[in-house]
Amino acid sequence: MNLLAALGAGLQATGGDGPTPIMAQPEITFSAPAQVIFAVTAVVMIYGAFRVVTTKNVVHAALWLMIVLGGVGINYVVLQAEFVAVTQFLVYLGAILVLFLFGIMLTRASMGVSEELDNNLKPVGAVAGLGLLAIIAYALIETFGNDKLTFQAYQGVAGPNSNGRTQAVADTLFSQYLIPFEVLSVLLLVALIGAIVLARKD
Amino acid sequence: MSVARLVDSVGPLAAAVGGDPLLSGEVDLTVVLIVLLKVLVIFVGILVGVILMVWFERKLISDMQNRIGPNRAGPFGLLQTVADGMKLIFKEDLIPEKSDRFVFALAPFLSLVPAFLTFAIVPLAGNFNDDLGGTVEILGHKTFMQLADPQVGILWFLVMSSIAIYGVMLAGWASGSKYPLLGSVRATAQMISYEAALGLSLATVLLLSGTLSTNGIVRAQSGWEWNIWMTGIVPFVIFVIAATAELNRPPFDLVEAEQELVGGFQTEYSSFRFAMFYLAEFLNTVTMSAIIVTLFFGGPAGPTFGLTNWVGVYVLPFVWFFAKMFVFLCMFVAFRATLPRFRYDQVMDLGWKVLIPLALAWFLVLAGVRVAADQGWNALAVIGAGCAGIMAGGGLLLLALKSSQAKRLAADSAAAERSALKQTGGVR
């Protein structure tokens, strides 16, 4: 998925020195609504992410996570990467989070507040979190620096057979990024087999 | 940036997401009104449709069981659903003391809203026969007879059907009671399992159409090239079975198996919240029928007798669409009236061991045929080789299953023997 996300961002990122073959005509932009949507979802997502780790109810934590992941999907829509957005919804909301909840319900399904969700390792967690933030921030600033996103309508949307962007994702995925894609699927297979080995006693 | 400029620039964003020719040009007041009109028509239309569907289902089942069915409220009992709804609204809204109040209130909405939203991508009318491609003209604007035609159209349906799982799951958990929880765990497992088969059988349609947009899928089927025979019927059968399981309708209604689980996930729900679950169930049935028609039966396509006026563009296509959908509504009702409920292990076996492998194998063979057509190979040879390969793979899999089962049985009987020996103190 990170690959997909990177791909979606890469396809949509314009400006700077990067190649911009997809968005040629500059006149139609929607920067203002895009920024409004981004601001709103960013605030909601940050609050949601905060609540994921602070809420004392494990199912509520999962629901807050749902909001965070949904916000990521909305941001992909704003970047006109609908395929990535829908995949985000389908994979994270439709599969991973459902399985989280499913796991919770199969095990304890505790209602109300459970105190044992907390422990005394908060400083360590804070350091780890800040460290991760620093690394990601450095990577983003180093990579994109002063690049500016200009939100221009993707030309060719209006045409009847307009699955251009989805096709572009598929083409890149199955040619340029074929080996990482296959390696990722092997990784998932390993996880699957590992789970079976752990779960089965005989 | 001024507000007017802001409103102006919403257009391209909407065009990027909507994919409808309506939104590709300048977005003025008429366009906004057309979109609002579509929303209103679709919302009211499916709401009325669902009310009639509830009545129709009860009436048809009554006929099948030699009863009369609802016949008091309105002519032929047509207003029975409205009467039931009114009654439910005025009932006391009970919330169990141990429930999680917010999630308990949220769950019915998570069930109902996706059912409505799915309908946004269903092409309801429009002439697909000529080069019109389903476009109609309203007030000088070209548009499709569907609320939105996003590029990722049919994936939207999959997203919504997976969001709907949350409603069932959270309803069961938030009730804070045993039977709803058991019912929701069952439901979730079933819906997740069958979503895989649903997606895989749908993939064959996408393979043939070469597009994800619902308008594109319908257009690809114009001229009687309906996907039901273009994909070779099997994906259609798999889709219908998986859809029935996804809807939690009989014979897959283990979610609310009364003998075992009281009322399943909705046991603790009463009043309007219950009505919402009830509505969502029937709404999903209507939506699923519409999706089946769109995917496999060419949507609103059908003979329009060369008419290009409003009859040929709105009336006839909608009549065809409705007629096809009606067949599936009848089919779902007939399922409910005639089929006994599956046992839980049978449901899981059917989903994982039959439908998913079959859908996957069929998809691979169809992909092989496509490659054969591209490369100029003999299609029959490719199908033969593909089937042989798949059968060999399936045979190996069965062999592995059989040997591991034999091993497990042997281990089980050895363990049983040991424990028997222990109980009798070593005396056989």
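Everything that follows concerns the structure shown earlier in this document.
The paragraphs below set out a description of the structure included in this document. All figures in this text were calculated on a predicted structure; none of them were measured in a lab. (Residues numbered from 1 in each chain as written. Chains lettered and ligands numbered in written order. Predicted model: local features only at pLDDT ≥ 70, side-chain atom pairs only at ≥ 80, totals over all residues. Heavy atoms only, no water.)

### Focus: the overall build of chain B
So the rule is basically this: Only DSSP runs of H or I reaching four residues or more are called helices, and only runs of E reaching two or more are called strands; each is numbered from the N terminus. Burial classes follow relative accessibility: with a 1.4 Å probe on protein chains only, a residue under 20% of its type's maximum area counts as buried, one over 50% as exposed, and anything between as partly exposed. Residue contacts are counted whenever heavy atoms from the two residues lie within 4.5 Å of one another.
On a plain count of helices and strands, chain B comes out with 16 helices and two strands. With the principal axes as the frame, chain B shows a C-alpha extent of 95 × 70 × 60 Å. Here chain B holds 428 residues, and 48% of them are scored as buried. Taking the contacts inside chain B whose residues are at least 6 apart along the sequence as the reference set, 77% of them involve residues at least 24 apart.

### Considerations on the packing of helix α2 (residues 31–54) of chain A against helix α3 (residues 58–78) of chain A
All names here are of chain A. This is how it is decided: Whenever a helix is involved, its axis is fitted only over the stretch in contact; in every case the axis is a line through C-alpha atoms, and angles between N-to-C directions fall within 0 to 180 degrees. Convention used here: angles under 35 degrees read as roughly parallel, angles over 145 as roughly antiparallel, angles from 65 to 115 as roughly perpendicular, and any remaining angle as oblique. By the definition used in this description, the sense in which the near helix is turned from the far one sets the handedness, with an anticlockwise turn below a right angle giving left-handed and a clockwise turn giving right-handed. Residues are grouped as follows: Ala, Val, Leu, Ile, Met, Phe, Trp, Tyr, Cys and Pro are nonpolar; Asp, Glu, Lys and Arg are charged; all remaining types, including Gly, are polar.
It is at 8 Å that the axes of α2 and α3 come closest, and there the two elements cross at 160 degrees. As far as their axial angle goes, α3 and α2 are roughly antiparallel. For the crossing formed where α2 meets α3, the hand is left-handed. Here Ala-34, Ile-37, Phe-38, Thr-41, Val-44, Met-45, Tyr-47, Gly-48, Ala-49, Arg-51 and Val-52 of α2 lie close against α3, whose contacting residues are Ala-61, Trp-64, Leu-65, Ile-67, Val-68, Gly-71, Val-72, Ile-74, Asn-75 and Val-78. For the contact of α2 with α3, the class distribution of residues is 16 nonpolar, four polar and one charged.

### Thoughts on a nonpolar patch on the surface
Stated precisely, the cut-off is as follows: Only residues whose relative accessible area exceeds 30% and that take part in no salt bridge are eligible for patches, with like-charged residues grouped when within 9 Å of each other and nonpolar side chains (Val, Leu, Ile, Met, Phe, Trp, Tyr) grouped when within 5 Å. Every accessible area reported is derived by Shrake-Rupley at a probe size of 1.4 Å, with residue values counting cover from the shown protein chains alone. In the sections that follow, a salt bridge refers to a side-chain nitrogen of Lys or Arg positioned within 4 Å of a carboxyl oxygen of Asp or Glu.
Nonpolar side chains collect at one region of the surface, where Leu79(B), Val82(B), Met86(B), Ile89(B), Phe90(B) and Phe272(B) lie side by side and expose about 600 Å² of accessible area between them. With respect to the helices and strands, Val82(B) occurs in helix α5 (residues 80–89).

### Focus on unusual backbone geometry
Residues and elements named next belong to chain B. Here the amide bond leading from Pro-250 into Pro-251 is cis, since omega sits at 5 degrees, within 30 degrees of zero. Backbone geometry places Asn-66, a non-glycine residue, at a positive phi of 60 degrees. A positive phi angle, near 60 degrees, is found at Asn-248, a position not held by glycine. Residue classification places Asn-248 among the buried positions, given a relative accessible area of 7%.

### Some words on the nonpolar core
All names here are of chain B. Just so we agree on the cut-off: The set of buried Ala, Val, Leu, Ile, Met, Phe, Trp, Tyr and Cys residues whose side-chain atoms join them within 4.5 Å is what this entry labels a nonpolar core.
Core analysis: the biggest nonpolar cluster contains 102 residues, and Phe-157 and Phe-239 have the highest contact counts within it. If you tally residues by element for this core, the top one is helix α7 (residues 153–174), at 15 residues. In this structure Phe-157 touches Thr-118, Ile-121, Leu-198, Leu-202, Phe-239, Met-288 and Ile-291, once residues within four positions along its chain are discounted.

### Observations regarding the environment of Ala197(B)
Residues and elements named next belong to chain B. When you line up the elements, Ala-197 lands in helix α8 (residues 178–209). For Ala-197, a relative accessible area of 0% gives the class buried. Ala-197 sits 41 residues away from Ile-238 along the chain, and the two C-alpha atoms are 7.2 Å apart. Those residues in contact with Ala-197 that lie beyond four places of it in its chain are Ile-238, Ala-242, Leu-355, Ile-356 and Ala-359.

### Observations regarding the pattern of salt bridges
If the charged atoms of two oppositely charged side chains come close together, the side chains can form a pair. Residues and elements named next belong to chain B. One pass over the structure, following the stated rule, counts eight salt bridges over all chains. With its nearest N and O atoms 2.5 Å apart, the salt bridge here joins Arg-336 to Glu-57. With Arg-336 in helix α14 (residues 310–338) and Glu-57 in helix α4 (residues 29–64), this pair connects stretches of sequence that are 279 residues apart. Taking relative accessible area as the criterion, Glu-57 reaches 2% and is therefore assigned buried. Linked through salt bridges whose partners overlap, the residues forming this network are Glu-57, Arg-249, Glu-281 and Arg-336.

### Observations concerning the environment of Gln146(B)
All names here are of chain B. This is how the line gets drawn: In protein, a polar contact means a hydrogen-donor-capable atom and an acceptor-capable atom, both N or O and within 3.5 Å, with residues adjacent in sequence counting only if both atoms are side-chain atoms; elsewhere, any N or O pair within 3.5 Å suffices.
Assignment of secondary structure puts Gln-146 in the loop between β2 (141–144) and α7. Distance from Gln-146 to Pro-70, taken between C-alpha atoms, is 34 Å for residues 76 residues apart in sequence. Within the structure, the side chain of Gln-146 is placed 3.4 Å from the backbone oxygen of Ile-121, a separation counted as a polar contact. At 2.9 Å, the side chain of Gln-146 and the side chain of Thr-214 are in polar contact.

### Comments concerning α7(B)
Residue and element names in this part refer to chain B. Short version of the rule: Expected span, for any helix, means 1.5 Å times one less than how many residues it has.
The end-to-end C-alpha distance of α7 is 32 Å, a good match for the 32 Å that 22 residues give at a rise of 1.5 Å each. With respect to burial, α7 is a largely interior element, 21 of its 22 residues being buried. Just past α7, the residue Gly-176 takes up positive phi, approximately 65 degrees.

### Re the pairing of strand β1 (residues 135–138) of chain B
On any regular strand, side chains alternate: one points to one face of the sheet, the next to the other face. Residue and element names in this part refer to chain B. Where we set the bar: The rule for pairing is simple: two strands pair if DSSP sees at least two bridges between them.
As paired strands, β1 and β2 are joined by four bridges and run antiparallel to one another. Across the sheet, residue Thr-135 finds its bridge partner in β2, namely Phe-144. What sits between the antiparallel neighbours β1 and β2 is a turn of two residues, in which Leu-139 has the positive phi angle 50 degrees.

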